[in-house]
Amino acid sequence: MVADLPTGFWSGWVIVLTCVSLATLVWIVLSVYFAPPDSKSTHGEIDHDPVWDTDLREGTSAPPLWWFWMLLGALVFSLGYLMLYPGLGSFEGLLNWSQGKRLVSSYENYEESFDARRAEIAATSLSELQGNTALMETADRIFRRECSACHGADGRGQAALFPNLLDVDWQWGGSPEQIEQTLRGGRNASMPAWEASLGEEKTRDVANYLLNFSDRGHAGRTVYEQNCAACHGVDGTGNVFLGAPNLADNTWLYGGDIDSILATLRQGRAGKMPAFDEQRLDAAQLKLIIAKLAR
Amino acid sequence: MSALSLHKKIEENTGLLIFGILLVSAIGGLVQILPVLNQKSLEEPTVNTKPYSAIELTGRDIYMREGCSVCHSQQIRPLIAEVERYGPYSRAGEFVYDRPFMWGSKRTGPDLHRIGGKYTDDWHRIHLIDPRTVVPESIMPGYPWLAERAASETGNIVAKMTALRKLGHPYTDAQIAAAESDLEGLMEIDALTAYLQILGTGLDEEIAR
């Protein structure tokens, strides 16, 4: 990480302008306070100053002396600063300080400081983790930070788009391995739109059949078995490899009333769960989240 | 000559006074701004920084128009707390195609520089229409009209891209010619979402730690 300082001509430009300004400042301050007496009062007042109301005249006496000390202090400070820190063109300063180096040094020992915690989590079984209140609170915090914007602060899903993670219904499977796969790889569900190929009537039939799944004689049943069973299963229990949800139960992601189901069939659905790589969720955090969700 | 007699001369001569004031107030800019304008290393785009597409550019204009930068910054500072929260700190080369940049100066909501890819398009759509649908305690205002207005009505995209090309953004003729059809059928909310999804994705994987 190299500090991005001006180089070549512009470095010299900065140095010269800075030094000339400082020198001018010193000269002005010194001559205001320590100019020879003639140019200071008599000369100025007699020659130049207008007099109003017989004795009211413009004085040119120097400002109070404590100002002088303050200005001197500021000058000394700036010289010290310009020596220690980057400021004079490409000169990096005697301390060799830069924002980038400060960031790097604050990362020293940062990862190591988590080693003990991470090792503990790696060595603990999922069921033991689930029994550890302190660690499960950590898991809740991670969940609130990374997942709650979509799945809701309590994980119960929201917006008829983001699934409830605390129920027994798993689209992609609820085993630790399957949850890990969901998180590391992300999930892209694809439910085709049906109305164009099935037509209005069959679409209505099959939608109604979903609401009366146990009705073996329903008009929508053949439509279902011909078109839907490949993914959702003949018995409607779904398929975790495709993320095809269980349609035979009473849990619905996109809504279980007839209008929502019809909307699903008309427009199709493509739920997308983003992938969480090592940077967003390290191995220990991932394990904690799995312990929180798996049952 | 002492400073006092110089002072007297300047005070009695308006032209000299004006010149002196201009000179003194220019020094800061001459030292801090002029050299930076000539610092090539700051103009070099980072590996994956590309000029905004017609859709993203329109989204950026909507971002400006709606004043999102009043509450959101787009600059992650090189401090451990920010890097841990938002991701790699912002590099100068990521902003070369931002005219003007949307760094902002106030964080009522979180920084958005690395928002690209954090959420899905669906999430942004719901959140922009009414943030409280997904973040119940949010104080961000909803922008429901973005879903009702056509993206093509947000200014003249061809003129914008042509003007930016004059300023050095490497758009091809084909890109500019296709700009209007790119926007066809899209709503403002789609363009804004496309812009949000590209934000902060300009870094090389390696730098992105």
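Criteria and cut-off values
Residues numbered from 1 in each chain as written. Chains lettered and ligands numbered in written order. Predicted model: local features only at pLDDT ≥ 70, side-chain atom pairs only at ≥ 80, totals over all residues. Heavy atoms only, no water. Helix = DSSP H or I, 4+ residues; strand = E, 2+ residues; numbered from the N terminus. Rg over C-alpha atoms; globule rule 2.2 N^0.38 Å. Buried < 20%, exposed > 50% of the residue type's maximum accessible area, 1.4 Å probe, protein only. Contact = heavy atoms within 4.5 Å. Areas by Shrake-Rupley, 256 points an atom, 1.4 Å probe, with all protein chains shown as cover. Lys, Arg positive; Asp, Glu negative; His and termini not counted. Charge placed at Lys NZ, Arg CZ, Asp CG, Glu CD. Salt bridge = Lys/Arg side-chain N within 4 Å of Asp/Glu carboxyl O. Buried area = accessible area lost by both parts, 1.4 Å probe. Polar contact = N/O pair within 3.5 Å; in protein donor to acceptor, adjacent residues only side chain to side chain. Patch = residues over 30% accessible without salt bridge, like charges linked within 9 Å, V, L, I, M, F, W, Y side chains within 5 Å. Domains from an automatic or database assignment. Core = buried A, V, L, I, M, F, W, Y, C linked by side-chain atoms within 4.5 Å. Axes fitted to C-alpha atoms, helices over the stretch in contact; angles between N-to-C directions. Parallel < 35°, antiparallel > 145°, perpendicular 65-115°, else oblique. Nonpolar A, V, L, I, M, F, W, Y, C, P; charged D, E, K, R; others polar.

J.: Please provide a residue-by-residue account of the overall build of chain B, values included.
T.: Counting its regular elements, chain B contains 9 helices and 0 strands. For 209 residues, the compact-globule estimate of 2.2 N^0.38 gives 17 Å, and the C-alpha radius of gyration of chain B, at 22 Å, exceeds that figure by more than 25%. Viewed in the frame of its principal axes, chain B has a C-alpha envelope of about 75 × 45 × 35 Å. Considering chain B as a whole, with its 209 residues, one finds that 39% of them fall into the buried category. Of the contacts formed within chain B by residues at least 6 apart in sequence, a portion of 74% connects residues at least 24 apart. Accessible area for chain B stands at about 11,300 Å²; split by element, carbon and sulfur atoms hold 61% of it. Mean positive and mean negative side-chain charge positions of chain B (21 and 27 charges, respectively) differ by 7 Å.

J.: Requested: an account of the overall build of chain A, with residues and values cited.
T.: Summing up its helical and strand segments, chain A has 16 helices and 4 strands in all. In terms of C-alpha radius of gyration, chain A reaches 38 Å, well past the compact-globule figure of 19 Å for 295 residues. Counting over 295 residues, chain A shows a buried share of 34%. Put simply, of all contacts in chain A between residues at least 6 apart along the chain, 57% involve residues at least 24 apart. Only carbon and sulfur atoms are counted for the fraction: they give 60% of the accessible area of chain A, which is about 17,500 Å². Taking the average place of the 23 positive charges on the side chains of chain A and the average place of its 36 negative ones, the gap between the two points comes to 8 Å.

J.: Which residues make up the pattern of salt bridges, and what are the values?
T.: Residue and element names in this part refer to chain B. Under the defined criterion, the tally for this structure stands at 22 salt bridges over all chains. The shortest N-O distance in the salt bridge between Glu 188 and Arg 65 comes to 2.8 Å. Taken together, the positions of Glu 188 in helix α9 (residues 188–198) and Arg 65 in helix α4 (residues 54–65) put the pair 123 residues apart, joining distant regions of the chain. Looking at Glu 188, the relative accessible area reads 2%, which means it is buried. According to the relative accessible area criterion, Arg 65 is partly exposed, its value standing at 38%. A salt bridge links Arg 107 to Glu 82, with the nearest nitrogen and oxygen atoms 2.8 Å apart. Of the two residues, Arg 107 sits in the loop between α5 (80–86) and α6 (121–129) while Glu 82 sits in helix α5, which places them 25 residues apart along the sequence. Among the charged side chains, a network of salt bridges with common partners joins Arg 65, Glu 66, Arg 149 and Glu 188.

J.: Explain the interface of chain B and chain A to me, and be specific about the residues and the numbers.
T.: Contacts between the two partners involve 33 residues from chain B and, on the opposite side, 36 residues from chain A. Between chain B and chain A lies a buried interface of about 3,100 Å² when both sides are counted; carbon and sulfur atoms form 63% of it. At the junction of chain B with chain A, the criterion picks out 0 salt bridges. Joining chain B to chain A, the criterion identifies 6 residue pairs in polar contact (both at pLDDT 80 or more).

J.: I'd like a description of the environment of Asp 167 of chain A, backed by residues and values.
T.: Residue and element names in this part refer to chain A. Here Asp 167 is to be found in the loop between α9 (148–151) and α10 (176–185). Through-space distance from the C-alpha of Asp 167 to that of Thr 251 is 9.0 Å; in sequence the pair is 84 residues apart. Contact partners of Asp 167, with chain neighbours within four places excluded, come to Thr 251 and Arg 295. There is a polar contact of 3.3 Å between the side chain of Asp 167 and the backbone nitrogen of Asp 169.

J.: I'd like to hear about a nonpolar patch on the surface, residue by residue, with values.
T.: Where nonpolar side chains cluster on the molecular surface, the patch consists of Met 83, Leu 84, Phe 91, Leu 94, Leu 95 and Trp 97 of chain A and spans about 540 Å² of accessible area. Overall, Leu 95 of chain A belongs to the partly exposed group, its relative accessible area being 47%.

J.: Which residues make up the environment of Phe 213 of chain A, and what values go with them?
T.: All names here are of chain A. Relative to the helices and strands, Phe 213 resides in the loop between α12 (200–211) and α13 (220–227). The class of Phe 213 is buried, set by a relative accessible area of 13%. Sequence separation of Phe 213 and Leu 79 is 134 residues, and the distance between their C-alpha atoms is 84 Å. With near-sequence residues (within four places) excluded, Phe 213 lies in contact with Tyr 224, Val 234, Asp 235, Gly 236, Leu 247 and Ala 248.

J.: An account of the domain arrangement of chain A is requested, with residue identities and associated values reported.
T.: Domains assigned within chain A are domain 1 (2–35 + 50–101), domain 2 (112–188 + 275–293) and domain 3 (195–270). Placing a centre on the C-alpha atoms of domain 1 of chain A and another on those of domain 2 of chain A gives a separation of 57 Å.

J.: Explain unusual backbone geometry residue by residue, including any values.
T.: In this chain, Arg 99 of chain B is followed by Pro 100 of chain B through a cis amide linkage whose omega measures -10 degrees. Here Pro 100 of chain B is to be found in the loop between α5 and α6. Unlike most non-glycine residues, Asn 109 of chain A shows phi in positive territory, near 65 degrees. Looking at the secondary structure, you find Asn 109 of chain A in the loop between α5 (99–106) and α6 (115–123).

J.: Requested: an account of the nonpolar core, with residues and values cited.
T.: Ranked by size, the top nonpolar core spans 36 residues in total, and within it Tyr 63, Met 161, Leu 192 and Leu 196 of chain B carry the most contacts. For this core, the secondary structure elements donating two or more residues are α9 of chain A together with α4, α6, α7 (157–166), α8 (173–183) and α9 of chain B. Per element, the largest residue contribution to this core is 5 residues, and it comes from α9 of chain B.

J.: Go over the packing of α4 of chain B against α8 of chain B, please, and point to the residues and values.
T.: Residue and element names in this part refer to chain B. At a minimum axis distance of 9 Å, the contact between α4 and α8 shows a crossing angle of 65 degrees. Relative to α8, α4 is oriented roughly perpendicular. Contacts between α4 and α8 pair Ala 54, Ile 55 and Thr 58 from the former with Ala 179, Asp 182 and Leu 183 from the latter. When its residues are assigned to classes, the contact of α4 with α8 shows 4 nonpolar, 1 polar and 1 charged.

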